[in-house]
Amino acid sequence: MNQKSAFTTLRLIIITILAALVLFPIWWIIRSSLMTGPEVGTMALFPSRWLFSNYAEAMVHFDYFLYLRNTLIIAVPAVIFGTSTAVMSGYAFARLRFRGKKFLFGLCIASMLLPPMVTLIPLYIVWTQYFGLINTFWPLILPWMCGGGAFNIFLIRQFILTIPKELDEAAMIDGAGRIRILVQIIVPSIKPAIMVVAIFIFLTVWNDILHQTVYLLDDNLATMALGLRIFRGSYGTVWQLAMAATVLSIIPGILVYIFGQKYLIEGVVMSGMKN
């Protein structure tokens, strides 16, 4: 019993140290946002004075609510359409029989090996020269309507494969069609996986500075990531204000994670379960 307690204590210490290492950069940003300019460059772990006024001053130059609105204009449709199409695509690969299914699924998996830079230029030409969608939100929203991403399709498919096919067959005997089976049987059974996909899509859109830089040229269309880059470019030497703006920009992502961590944990647990 003593040996077991010692092992538990040692494991707790190791986990605490690792967690501290992961959270230390976030704490460094927060402490820097509450310091004076000269104090930011020191190695002090805590501010000598907690200057919450830095946040009010940063908000004067950092148009937080404009950037938040623009980001949500992209993120909300992307999450809705991306999750919905990922569920439908995953269901098709997991349950339906059609010619070329294995080949198409192989292409879907292979597409995850392509770096974003490979497809950036062809997509840019299509969206701008053929559709004229430069400086609009559409090139950042429409791609999520095409299956929600290869990884998300793969994740949903794997979860659906853990559900016994006998449930589908029983529903068909009762007269249910494919759509009804998907909506009333499959979707409730894979709710944690759906929430995981929705969170992944939201965080991907929130942090996607590459595509947003390419397609959004007007500062009034800037998202949170672009707004933070613009702010750092203008006030990069004023580190306490730059760090305050950074803290403000990560708050929505933290809230989404806090809300969805239950489903993330359930998703990890379910991914290791069979029928």
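Just above sits the structure.
Residues numbered from 1 in each chain as written. Predicted model: local features only at pLDDT ≥ 70, side-chain atom pairs only at ≥ 80, totals over all residues. Heavy atoms only, no water.

Asks: Before we move on, can you summarise the overall build of the chain with the specific residues and values?
Replies: When helices and strands are tallied, the chain shows 14 helices and zero strands. Of the regular secondary structure in the chain, the N- to C-terminal order runs α-α-α-α-α-α-α-α-α-α-α-α-α-α. In terms of its C-alpha atoms, the chain occupies a principal-axis envelope of roughly 70 × 70 × 30 Å. Split by element, the accessible area of the chain, about 16400 Å² in all, is 71% carbon and sulfur. Considering the chain, the positive charge centre built from 19 side chains and the negative charge centre built from 11 side chains are found 11 Å apart. (Helix = DSSP H or I, 4+ residues; strand = E, 2+ residues; numbered from the N terminus. Areas by Shrake-Rupley, 256 points an atom, 1.4 Å probe, with all protein chains shown as cover. Lys, Arg positive; Asp, Glu negative; His and termini not counted. Charge placed at Lys NZ, Arg CZ, Asp CG, Glu CD.)

Asks: Quick one: what's the story with the pattern of salt bridges, residue by residue and with numbers?
Replies: By the definition in use, this model includes one salt bridge. Ionic pairing is found between Asp168 and Arg95, a salt bridge with its closest N-O pair at 2.9 Å. On the criterion of sequence distance, the pair formed by Asp168 in helix H9 (residues 165-173) and Arg95 in helix H4 (residues 64-95) is long-range, its members being 73 residues apart. Note on accessibility: Asp168 and Arg95 belong to one class, buried. (Salt bridge = Lys/Arg side-chain N within 4 Å of Asp/Glu carboxyl O. Buried < 20%, exposed > 50% of the residue type's maximum accessible area, 1.4 Å probe, protein only.)

Asks: Give a detailed account of a nonpolar patch on the surface, specifying residues and quantitative values.
Replies: Nonpolar side chains collect at one region of the surface, where Val22, Leu23, Ile26, Ile250, Ile251, Ile254, Leu255, Tyr257 and Ile258 lie side by side and expose about 800 Å² of accessible area between them. Elements with a contribution of two residues or more to the nonpolar patch: helix H1 (2-33) and helix H14 (239-271). Here the element with the most residues in the nonpolar patch is H14; it accounts for six residues. The class for Ile26 is partly exposed, based on a relative accessible area of 37%. (Patch = residues over 30% accessible without salt bridge, like charges linked within 9 Å, V, L, I, M, F, W, Y side chains within 5 Å.)

Asks: Any chance you could break down the nonpolar core for me, citing the residues and the numbers?
Replies: Phe62, Ile156, Ile186 and Ile190 are the most contacted members of the largest nonpolar core, which totals 57 residues. No other element matches the 12 residues that H4 contributes to this core. With residues near it in sequence (within four places) discarded, Ile156 still touches Ala86, Val87, Gly90, Ile190, Ala193, Ile194 and Val197. Counting five residues, the second largest nonpolar core, distinct from the first, contains Phe93, Phe105, Cys108 and Ala150. (Core = buried A, V, L, I, M, F, W, Y, C linked by side-chain atoms within 4.5 Å. Contact = heavy atoms within 4.5 Å.)

Asks: Outline the packing of aromatic side chains, supporting the account with residue identities and numerical values.
Replies: Scanning the model with the defined rule gives 14 aromatic pairs in all. Considering the side-chain rings of Trp127 and Phe131, the 5.8 Å spacing of their centres and the 45° angle between planes classify their relative orientation as tilted. Site record: aromatic cluster; members linked through ring pairs are Phe62, Tyr64, Phe65, Tyr67 and Phe231. Arg31 extends its terminal NZ or CZ atom over the ring of Trp28, reaching a point 3.8 Å from the ring centre. Between the NZ or CZ atom of Arg157 and the centre of the ring of Phe105, over which it lies, the distance is 4.1 Å. (Phe/Tyr/Trp six-rings, centres within 6.5 Å; stacked < 30°, edge-to-face > 60°. Lys NZ or Arg CZ within 6 Å of the ring centre and 35° of its normal.)

Asks: Residues and numbers for H4, please.
Replies: Its 32 residues place the ends of H4 45 Å apart at the C-alpha level, agreeing with the 46 Å of an ideal helix rising 1.5 Å per residue. In the structure, H4 departs most strongly from a straight axis at Leu72, where the bend amounts to approximately 25°. (Expected span 1.5 Å × (residues − 1). Bend = angle between axes of the 7 residues up to and from the residue.)

Asks: Any chance you could break down unusual backbone geometry for me, citing the residues and the numbers?
Replies: A positive phi is found at Asn135, a non-glycine position, where the angle reads about 65°. The topology assignment puts Asn135 in the loop between helix H6 (116-130) and helix H7 (138-141).

Asks: Got a sec to walk through the side chain of Arg31? Specific residues and values, please.
Replies: Structurally, Arg31 is set in helix H1. It is Glu39 that comes nearest to the buried, bridge-free Arg31 among opposite-charge side chains, at 6.6 Å. Engagement of the side chain of Arg31 in a polar contact is seen with the backbone oxygen of Val40, the distance being 3.2 Å. Within polar-contact distance, the side chain of Arg31 engages the backbone oxygen of Thr42 at 3.1 Å. With sequence-adjacent residues up to four places away left out, Arg31 is seen in contact with Glu39, Val40, Thr42, Met43, Ala44, Leu45 and Pro47. (Polar contact = N/O pair within 3.5 Å; in protein donor to acceptor, adjacent residues only side chain to side chain.)

Asks: Pulling in residues and values, what's your account of the packing of H4 against helix H10 (residues 178-189)?
Replies: Interhelical geometry of H4 versus H10 gives an angle of 105° and a closest axis separation of 12 Å. Taken together, the axis directions place H4 and H10 in an arrangement best described as roughly perpendicular. Across the interface between the two elements, Val87, Met88, Tyr91 and Arg95 from H4 touch Arg178, Ile181, Leu182, Ile186 and Val187 from H10. The residue inventory of the contact of H4 with H10, partitioned by class, reads seven nonpolar, no polar and two charged. (Axes fitted to C-alpha atoms, helices over the stretch in contact; angles between N-to-C directions. Parallel < 35°, antiparallel > 145°, perpendicular 65-115°, else oblique. Nonpolar A, V, L, I, M, F, W, Y, C, P; charged D, E, K, R; others polar.)

Asks: Give me the lowdown on the packing of H4 against helix H8 (residues 150-161), citing residues and values where you can.
Replies: As a packed pair, H4 and H8 sit with axes 8 Å apart at the nearest point and diverge in direction by 50°. Regarding the angle of H4 to H8, the classification is oblique. Between H4 and H8 lies a crossing whose hand is right-handed. Residues Ala86, Val87, Ser89, Gly90, Tyr91, Phe93, Ala94 and Arg95 of H4 form the contact with H8, whose own contacting residues are Asn152, Ile153, Ile156, Arg157, Ile160 and Leu161. (Left-handed = near helix turned anticlockwise from the far one by under 90°.)

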